[in-house]
Amino acid sequence: MGITRLEGIFLWHLVCVFAISANAVDINLLNIWPMPKSVSYGHGNLHLSNEFELRTDGSKFADASSILKDAFKRSLDLLRSTHELEFHASKIDPSLLLKGIHVVVSSPSDELQHGTDESYELHIPAKGNPLYARIEAKTVYGALHGLEVHQVPWTIVDQPRFSYRGLLIDTSRHYLPVPVIKKVIDSMAYAKLNVLHWHIVDTQSFPLELPSYPKLWDGAYSVPERYTFADGEEIVRQVNRTLLSYAKRRGINVLAEIDVPGHAESWGVGYPALWPSKDCKQPLDVSNEFTFKLIDGILSDFNKIFKYKFVHLGGDEVNTSCWETTPHVQKWLQKNCMNGSEAYEYFVLRAQKIALSHGYDIINWEETFNSFGKKLSPKTVVHNWLGSGVAQNAVKAGLRCIVSNQDKWYLDHLDAFWQGVYSNEPLTNITDPKEQALVLGGEVCAWAEHIDASNIEQTIWPRAAAAAERLWTPYDKLAKDPEKIKSRLSYFRCLLNQRGVAAAPLDGYGREAPIEPDDANEINIWPMPVSVSFGSGNLHLSNNFELITEGSKFADASGILKEAFSRTIDIVRSSHVVELDTSKIKPSLVLKGIHVVISSPSDELQYGIDESYKLNIPAQGNPIYARIEAKTVYGALHGLQTFSQICSYSLSSRGILVHQVPWTIADQPRFSYRGLLIDTARHYQPLRVIKKIIDAMAYTKLNVLHWHIVDTQSFPLEIPSYPKLWDGSFTISERYTVADAAEIKRGINVLAEIDVPGHAESCLSFTHNSITISGCWILTPHVKSWLQKQGMGDSDAYQYFVLRVQKLALSHGYEVINWLAGGVAEKIVKAGLRCIVSNQDKWYLDHDIRWQDFYSNEPLENITNHQLHSRVLGGEVCMWGELIDAADIEQMVWPRAAAAAERMWTSYDKLAKDPSDVRSRLSHFRCLLNQRGVAAGPLEGLGNTRPFGPGSCYTK
């Protein structure tokens, strides 16, 4: 069946956690989440081979679609992402090397459906020649759970308690970009949740394309906030024999919901006949046959994408007074001898019959059962959300049930603490085993009135993980007191952070607006270039869009330009599935590629390098190529970022459009130093999170990451000269190796800081582009004695320390940066020194400061002598980490840091005097960051603010 090899890996995503026996000792000390059914362990350790391999001989699963191979690779990539690996297998005893994993799946099928067997057994021996771990599973989806190594040998036998373990996301109240949905799916797989309940449409918006009724998505908030049919296919279903959907590859079923007859006002934007009247827009018109014809068409289209056994038809919160007061509906009711509640019953049962005709079993919210439960189809699953006792009554009536009681499992209820989420038992008061079998499982719900792409992750996690263990782990293995598993859940939350998931802290409330769409400015580029001209034409990006570098003096031996080009195209194409049929496009309307010409052969990255560029995109040519000219490769990277903002997805062509050609842009930064400080001493930031911040910095043309690595609280960095320094880290898992530090680059200078003599309780040291030094003196007896001996006072000693450390830094070739009190830039430059501006009342991101103040803060304020301007190197926004960690750093930084970025990049005469003049453009850029997977918060509010209510990402 073959072998798959991956090079350079010495850790693996099997049981790469500290753990002890779940059978013999307190299972709450075992750092696996959710807790397996059965675990035993030994006391040995193994290293993973650099050629760690997947073997499948003896397996009946052919893996023609590579679902297993891809999962194996993802597992290894996740471990690789936490640190740069420097493993030398030649130094390890071969008997301590785990050569690979042998996966044996007994079913040849890759069908994913409700009730699919998800059990697995995992064995990791301590001895063998060679040594292989082994996973045995009935289906490939059980094997995926096994891929989720200390203390060998390991034996784990595992299977889920409930077959339905769901998470609801709501894309109607706030649109969620496709990359965000995919990231949610990834994180669900980590917690062994297996159903994504996609509440696609509701009163507020209808963002999904449905071919049978193409005007339905006229009810979307805006054109960018839509999902194409191909997006749905990409997320959900098998497109052909070899290409599986994103969710299916991760063992996740997708449950689609249309909530009828209420919660459907947005449907009538495209088809007004669905509304009872213009003044009474929901429930859908029960008297109009077109209503049921359209539902039939929707479910017909759903059947082409959503292959899960169930479809959710809603049926909750229906107010029938609209029917009873609308003349033509009232007449229909009288003709059919119905009142409002009877018409509600008629509508739900008729919609059920339509769904059954398409082969679906039905899920309805509990109101339908409470109102006319005996008349529901036997294939109905009752979705409990309101009251206690509903699940008990539903299963007694012979119907199946899913539990989502809002007081415990509604994640948008920020006061639903993790302890209550963990303790919520789906089988409460259900003692009959036959009735217990009718409870399919449960679901946590992230309703989106106050949730969008900026805060969905920390609203979901880690509370959803608490529910995940309740739904996976055998009842007798569950903790009776949630506090006993707090340490293990906290560990899992940190593991999610390591994997780039913004899971919030356990303690406290769940996390804390967009308003509605607006017409975009003529130019939606951020930051604004120095010089721009554009036309009114459009070009299509070729499916084979290429980079050419003829005539460039930059050889790109390190691949920096090629990689940036690849990232740019990936970003441009990430918002939707591209389906452009180039045969239907005139060649004269296709942009074939981009020609980059760089005049410097060097890739040296240093303060003061030339970052200017020119970007030209013609409207005509044969063939047509865009062109970037730059003095350095780093100017070219800025040109690619600007190019990416000119491109967007076209709903008509299903490809990428370059708008408003021809373009001529000449651009360069106003200041050479455009910084962002992050603080990894107060809270550790995983390497993946730091890299994501660097990516977002590149989008905004910030160019210095000020890495405040160490402080009083912790010293997380490895220093080979003094290896005990990082004993001052919070934990072993919260450390950076030397190789990690070397990896943190991407056209961004890294400014390292050691804050001395103060802020150093945990200890000192690190070097890179510059070193920042500061502090205050703390008197102690032996220091007093030394001061007296030297004839120094307190301030003299402070001066002595700083000047001596400066000399040390200068001896290593550095120039030195020191902190000074605010409001002194003018005095500094008059004294002949250089200055960086970070005044805390305007540019401290951890403070309650609005974006308008970030935008208006002028580094040259009160410096009227133009000869002194050059001494102001630029500015820096600061993200101090006392109350910030991986869960919320992105929405605390963005979009406010972007407001400062334009202040530092754009020429002074192009800056808006009134920040409200750029509000629409900044809002557009914030939405672009969301599209790229950056959790940039709403413009309104202060930093970590949740959306105020349903609406578009784009603001009025």
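Relevant structure appears above.
Residues numbered from 1 in each chain as written. Predicted model: local features only at pLDDT ≥ 70, side-chain atom pairs only at ≥ 80, totals over all residues. Heavy atoms only, no water.

Draft legend 1. Structural detail: the environment of M904. Note that M904 resides in helix α30 (residues 896–905). The sequence separation of M904 and E858 amounts to 46 residues, and the corresponding C-alpha distance is 8.6 Å. (Helix = DSSP H or I, 4+ residues; strand = E, 2+ residues; numbered from the N terminus.)

Draft legend 2. Representation of the side chain of S222 within the structure. Mapped onto the fold, S222 is located in the loop between β11 (195–199) and α4 (229–235). Since its relative accessible area comes to 12%, S222 is described here as buried. (Buried < 20%, exposed > 50% of the residue type's maximum accessible area, 1.4 Å probe, protein only.)

Draft legend 3. Expanded view of the pairing of strand β14 (residues 361–365). Of all five residues that make up β14, five are buried, and the element is covered over most of its length. Here β14 shows a buried face lined by D361, I363 and W365 and a second buried face lined by I362 and N364. Sheet analysis places strand β13 (residues 310–312) next to β14, joined by three bridges and oriented parallel. Residue pairing in the sheet places V311 in a bridge with I362 of β14. As judged from the four bridges shared by β14 and strand β15 (residues 380–384), these two strands associate in the parallel manner. The residue bridging N364 from the neighbouring strand is V382, located in β15. (Pairing = 2+ DSSP bridges.)

Draft legend 4. Spatial organisation of the side chain of D361. With respect to the element layout, D361 can be found in strand β14. Setting aside anything within four residues of it in sequence, one finds D361 in contact with K309, F310, V311, K379 and R400. (Contact = heavy atoms within 4.5 Å.)

Draft legend 5. A look at the packing of helix α19 (residues 560–573) against helix α20 (residues 633–646). Here α19 crosses α20 at 10°, and the two axes come no closer than 10 Å. Judged on the interaxial angle alone, α20 and α19 are roughly parallel. For the pair formed by α19 and α20, the contact residues are I560, L561, A564, F565, T568 and V572 on the first element and V633, Y634, A636, L637, L640 and S644 on the second. Here the residues of the contact of α19 with α20 sort into 10 nonpolar, two polar and no charged. (Axes fitted to C-alpha atoms, helices over the stretch in contact; angles between N-to-C directions. Parallel < 35°, antiparallel > 145°, perpendicular 65-115°, else oblique. Nonpolar A, V, L, I, M, F, W, Y, C, P; charged D, E, K, R; others polar.)

Draft legend 6. Geometry of the state of the cysteines. What the rule picks out here adds up to one disulfide. Across the disulfide, C280 is cross-linked to C322 (sulfur-sulfur distance 1.5 Å). Residue C280 is found in the loop between α6 (267–270) and α7 (289–305), and its partner C322 is found in helix α8 (residues 321–325); the two are separated by 42 residues along the sequence. C322 matches C280 in its accessibility class, with the two residues each being buried. (Disulfide = S-S within 2.5 Å.)

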